[in-house]
Amino acid sequence: MAEIAWPWQYNFPPFFTIQPHSETRQKQLAAWEELIVQYLKSSKQYIIDVRESQNTPLFSNPAINRKLSQDAVLTILEDMARCGRAAPTDKTKTVWEVYWHSLDEWGNMIYSWVSANGLNNSVCTLFELREGETTEGEEFHGLDVNILTKALKSLEVKGKCELMEFDDNQGVKFF
Amino acid sequence: MRRRAGVGAIQKQQLEREKYREKGSEIQENQFLQMQKQLEVFRENLEEFASKHTNEIKKNAQFRRQFQEMCAAIGVDPLASGKGFWSVLGIGDFYYELGVQIVEVCLATNYKNGGLITLEELRTRLIAARGKAKKHQDITNEDLLAAVKKLKIFGNGFTVVSIGKGKWLVQSIPGELNLDQTLVLQKASSLGTAWISISMLAGDLGWNETRAENALNHMVKEGLAWVDNQDPKETLFWFPSMFSDCVEAAAVS
């Protein structure tokens, strides 16, 4: 179970009702988004399944008997998607990837690790990046494979790497 | 033979009355002059006193309050206009400085309380912000009220709302709260719950539903109240400015 410092809003009952007033709602969404990222980070999670959102302590505070409805969760995730902090994995919008950092930021983080370790012009497998001993302690260690791929693609667009496939394995060459 | 009242007698009476009146106004004038003289002397002494004890006034909260009361009693406002003798004392400066700090605290907490803050929270944060270097400068609620009142000259952005029992809220957003909204805040404050509902307003204040709804909806629109739809009975309206977890939460500027 993730241990995080819950913000004051988590104990504030109306926090679990999407606010009708736009200015207040903005503050509310911003607070939720920060909380979601913080929570997922502390438990090393990258995915939110809207159908199961009611079961996580993140969206439900039994102490004050308040829960965030599925619609409300969706509202927040859609707001996060607008600024590139989340994306649905399919059209039904039930399973969402949440980005602690934007894909660009993830990409840059990996690239600066690559540069710092002199791995330019060499090939790494995605497995190495995610699970390798050398990346232990890096924030992207253990990153969801789909998110990792997207982050690398954003690097590829900038011409800093090239994704490649060999056999059953995916690899990446950094420049 | 019955003597009729003569014209002379009437004239005499009139003359006497006039003399009395003259004497009366003379005495009154004397008294007035004397009073004026006394006040003048008092004022002079007060100014002398103030210039001698400026430091003391700035440092000591109780001293400051008594000085304020003294000034108020004789119609002197040491905060009024930068002109003249009083500006030299720098007593106004003390309050201007406080005013600026109040604005800073209000802006820093606006994101969470919507621009409404209890005087206690304001005071706690302000004292924390002033830091240890000036810890001898303890600030009273009276000081804060005096300083906020001075902020009014910038328009209706800053107002103090009395919510009863010596409790105050400082509102740092434009737009005046009407009487009903003030009553709502008073009620919520006296209940100590940080929330209120339409049925409570109807029951405790004898309002009809429309009146309660109008007041509450307006406060939601102003960003002062949050709506909570998950109470089993009815919609609750919460005031973050009175919610203890919010009051204690760190401010982000």
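- An unreviewed UniProt entry annotates chain B as Vacuolar-sorting protein SNF8 originating from Pieris brassicae.
- Quoted verbatim from the Function (unreviewed entry) heading of the UniProt record, the comment on chain B is "Component of the endosomal sorting complex required for transport II (ESCRT-II), which is required for multivesicular body (MVB) formation and sorting of endosomal cargo proteins into MVBs."
- Looking at chain B in UniProt, the text filed under Subunit (unreviewed entry) is "Component of the endosomal sorting complex required for transport II (ESCRT-II)."

- Looking at an unreviewed UniProt entry, chain A carries the name Vacuolar protein-sorting-associated protein 25, with the source organism given as Pieris brassicae.
- Taken from UniProt, the Subcellular location (unreviewed entry) comment for chain A reads in full: "Cytoplasm".
- Recorded in UniProt under Sequence similarities (unreviewed entry), the annotation for chain A is "Belongs to the VPS25 family."

1. Topic: the pairing of strand 5 (residues 95–98) of chain A
Residue and element names in this part refer to chain A.
So, step 1. Side chains V95 and E97 project from strand 5 onto one buried face, and the interleaved W96 and V98 project onto a second face that is buried too.
So, step 2. Taken together, the three bridges between strand 1 (residues 47–49) and strand 5 define a ladder with antiparallel strand orientation. Paired with D49 across the two strands is V95, which belongs to strand 5.
So, step 3. Bridge analysis of strand 4 (residues 86–88) against strand 5 gives three bridges, and the strand direction is antiparallel. Each residue of the ladder has a partner; that of A86, found in strand 5, is V98.

2. Notes on the sheet that holds strand 7 (residues 161–166) of chain A
Pairing between the strands of a sheet comes from backbone hydrogen bonds, and it takes one of two forms, parallel or antiparallel.
Residues and elements named next belong to chain A.
So, step 1. An order of 6-8-7 is seen for the three strands of this open sheet, with the pairing classed as antiparallel. The open sheet is flanked by strand 6 (123–125) and strand 7, the only strands paired with a single partner. Sheet twist, expressed as the mean angle between neighbouring strand axes with direction ignored, is 30°.
So, step 2. Inspection of the sheet shows strand 6 paired to strand 8 (residues 169–174) by three bridges, in the antiparallel sense. Residue pairing for strand 8: V123 is matched across the bridge by K173.
So, step 3. On the sheet, helix 5 (residues 145–157) packs against strand 7 and strand 8 and is oriented at approximately 130° with respect to strand 7.

3. Some remarks on unusual backbone geometry
So, step 1. Although it is not a glycine, K44(A) adopts a positive phi angle of roughly 50°.
So, step 2. Structurally, K44(A) can be placed in the loop between helix 1 (22–42) and strand 1.
So, step 3. Even without glycine at this site, A194(B) takes up a positive phi of about 70°.
So, step 4. For A194(B), the position within the fold is in the loop between helix 8 (179–191) and strand 4 (195–197).

4. A few points about the pairing of strand 2 (residues 159–162) of chain B
Residue and element names in this part refer to chain B.
So, step 1. The alternating pattern of strand 2 places T159 and V161 on a buried face and V160 and S162 on a face that is not buried.
So, step 2. The pairing of strand 2 with strand 3 (residues 168–171) spans four bridges and is classified as antiparallel. In the strand pairing of strand 3, T159 is matched with Q171.
So, step 3. In sequence, strand 2 turns back onto strand 3 through a hairpin of five residues, with G164 there showing a positive phi of about 80°.

5. Comments concerning the packing of helix 1 of chain A against helix 2 (residues 70–82) of chain A
What describes two packed helices is the angle between their axes and the distance between those same axes.
Residue and element names in this part refer to chain A.
So, step 1. Between helix 1 and helix 2, the least distance of the axes is 10 Å, while the angle of their chain directions is 85°. By the angle between their axes, helix 1 is roughly perpendicular relative to helix 2. Contact residues: L29, W32, E33, I36 and V37 in helix 1; I76, D79 and M80 in helix 2.
So, step 2. Here the residues of the contact of helix 1 with helix 2 sort into six nonpolar, no polar and two charged.

6. Quick look at helix 10 (residues 209–221) of chain B
So, step 1. For helix 10 of chain B, with 13 residues, the first-to-last C-alpha span of 18 Å sits near the 18 Å given by 1.5 Å per residue.
So, step 2. Looking at the buried residues of helix 10 of chain B, the elements they touch are helix 1 of chain A together with helix 8, strand 4, helix 9 (198–205), strand 5 (226–228) and strand 6 (236–238) of chain B.
So, step 3. Just beyond helix 10 of chain B, the residue with positive phi is G223(B), at close to 80°.

7. Overview of the sheet that holds strand 2 of chain B
Residues and elements named next belong to chain B.
So, step 1. Spatially, three strands are ordered 1-3-2 in an open sheet, and the strand pairing comes out antiparallel. Two strands lie at the open edges of the sheet, namely strand 1 (116–118) and strand 2, each paired on one side alone. Across the sheet, the axes of successive neighbouring strands diverge by a mean angle of 30°, strand direction being ignored.

8. Side note on the nonpolar core
So, step 1. Ranked by internal contacts, the top residues of the largest apolar core, which has 83 residues, are W32(A), I36(A), L129(A), L152(A) and F174(A).
So, step 2. Per-element accounting of this core gives the leading share, eight residues, to helix 1 of chain A.
So, step 3. In this view, W32(A) contacts F15(A), F16(A), L58(A), F59(A), L68(A) and I76(A); residues no more than four positions away in its chain are not counted.
So, step 4. By size, the runner-up hydrophobic cluster in this structure holds 19 residues, among which are V105(B), C106(B), I117(B) and L119(B).

What counts as what
- Residues numbered from 1 in each chain as written.
- Chains lettered and ligands numbered in written order.
- Predicted model: local features only at pLDDT ≥ 70, side-chain atom pairs only at ≥ 80, totals over all residues.
- Heavy atoms only, no water.
- UniProt positions renumbered as here; feature names shortened; annotations may be inferred.
- Buried < 20%, exposed > 50% of the residue type's maximum accessible area, 1.4 Å probe, protein only.
- Helix = DSSP H or I, 4+ residues; strand = E, 2+ residues; numbered from the N terminus.
- Pairing = 2+ DSSP bridges.
- Axes fitted to C-alpha atoms, helices over the stretch in contact; angles between N-to-C directions.
- Contact = heavy atoms within 4.5 Å.
- Parallel < 35°, antiparallel > 145°, perpendicular 65-115°, else oblique.
- Nonpolar A, V, L, I, M, F, W, Y, C, P; charged D, E, K, R; others polar.
- Expected span 1.5 Å × (residues − 1).
- Core = buried A, V, L, I, M, F, W, Y, C linked by side-chain atoms within 4.5 Å.

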